[in-house]
Amino acid sequence: MMCDVVCNYEKSMLDIERACEIQRELASKIRLYGDSKIFPYVAGVDLAYWTEKSTEYAVCCVVVLESGTKEVVERQWTLGEIEVPYIPGCLAFRELPLILDTVKKIKREPDLYMFDGNGYLHPRHMGIATHASFYLKKPTIGVAKKYYMIGDTKLCMPDNEKNSYTDIVVEGEVYGRALRTQKDVKPVFVSVGNYIDLDTATEIVCEFINKESHIPLPTRLADIETHTMRRCLQEKTLL
């Protein structure tokens, strides 16, 4: 299967042409719609990196929340050495092994995964949220803090009102959405990962916004967790 090809791909010799070919093949299997709009448990996913003695490490953290109460029901993390170099547009080849190792530890299975990054908003529609979905086999959403410009597509900023948005359209196709989750804050950039539609993805992101941040709670907590774990790992307090 194509997913096996990605998992077993030569880690230290990532060929960008082959990586892009794999992404294009997977892109044909994306579903921009979902079978459900109810997701009792939502997981946030994020990674943090650092280097020690020329070796690069990362910690992946997954935080699972109950949708109704917004309470955290589980946290899991995994430390790993990063062997794949950073190549723009091919982030999944670098991050997926740690993500999948962390997901294996989860006891409360999430119904949806939210990523600190892009999904369909990608030159080949294969941001980390989309790429990971083929392994997770669950609906996924990408929520990025920075705009990933496709070609020369300029961003039309949403109105300065809570939950206002503008679609990001490339050559007549909607790739994602600039969403202002609160008044007087910078927008976030929402895109479908897989197995869900953009309107539902936007609604879910808005549901997980509170007064403390303009970033949705699942990815915000995952981000906080990665920074905490990275500090502990660097200080060797967990080893």
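Here we summarise the structure given alongside this text. (Residues numbered from 1 in each chain as written. Predicted model: local features only at pLDDT ≥ 70, side-chain atom pairs only at ≥ 80, totals over all residues. Heavy atoms only, no water.)

Let us look at the packing of helix 3 (residues 91-103) against helix 4 (residues 128-136). Between helix 3 and helix 4, whose axes approach to 10 Å, the crossing angle comes to 45°. The angle between the axes of helix 3 and helix 4 places the two elements in the oblique class. Considering only the axes of helix 3 and helix 4, their crossing is right-handed. In this structure, helix 3 contributes Leu-91, Ala-92, Phe-93, Glu-95, Leu-96, Ile-99, Leu-100 and Val-103 to the contact, and helix 4 contributes Ile-128, His-131, Ala-132, Tyr-135 and Leu-136. Class assignment for the residues of the contact of helix 3 with helix 4 results in eleven nonpolar, one polar and one charged. (Axes fitted to C-alpha atoms, helices over the stretch in contact; angles between N-to-C directions. Helix = DSSP H or I, 4+ residues; strand = E, 2+ residues; numbered from the N terminus. Parallel < 35°, antiparallel > 145°, perpendicular 65-115°, else oblique. Left-handed = near helix turned anticlockwise from the far one by under 90°. Contact = heavy atoms within 4.5 Å. Nonpolar A, V, L, I, M, F, W, Y, C, P; charged D, E, K, R; others polar.)

Once that is clear, we can look at the pattern of salt bridges. Pairing is possible between side chains that carry opposite charge, provided their charged atoms lie close to one another. Considering all chains together, one arrives at 13 salt bridges under this definition. Put simply, Glu-52 and Lys-236 hold a salt bridge, and the shortest N to O gap is 3.3 Å. Residue Glu-52 is located in strand 1 (residues 41-52), and its partner Lys-236 is located in the segment after helix 6 (217-234); the two are separated by 184 residues in the primary sequence. Taking relative accessible area as the criterion, Glu-52 reaches 26% and is therefore assigned partly exposed. The class for Lys-236 is partly exposed, based on a relative accessible area of 42%. (Salt bridge = Lys/Arg side-chain N within 4 Å of Asp/Glu carboxyl O. Buried < 20%, exposed > 50% of the residue type's maximum accessible area, 1.4 Å probe, protein only.)

Read these as spatial facts, not as claims about activity.
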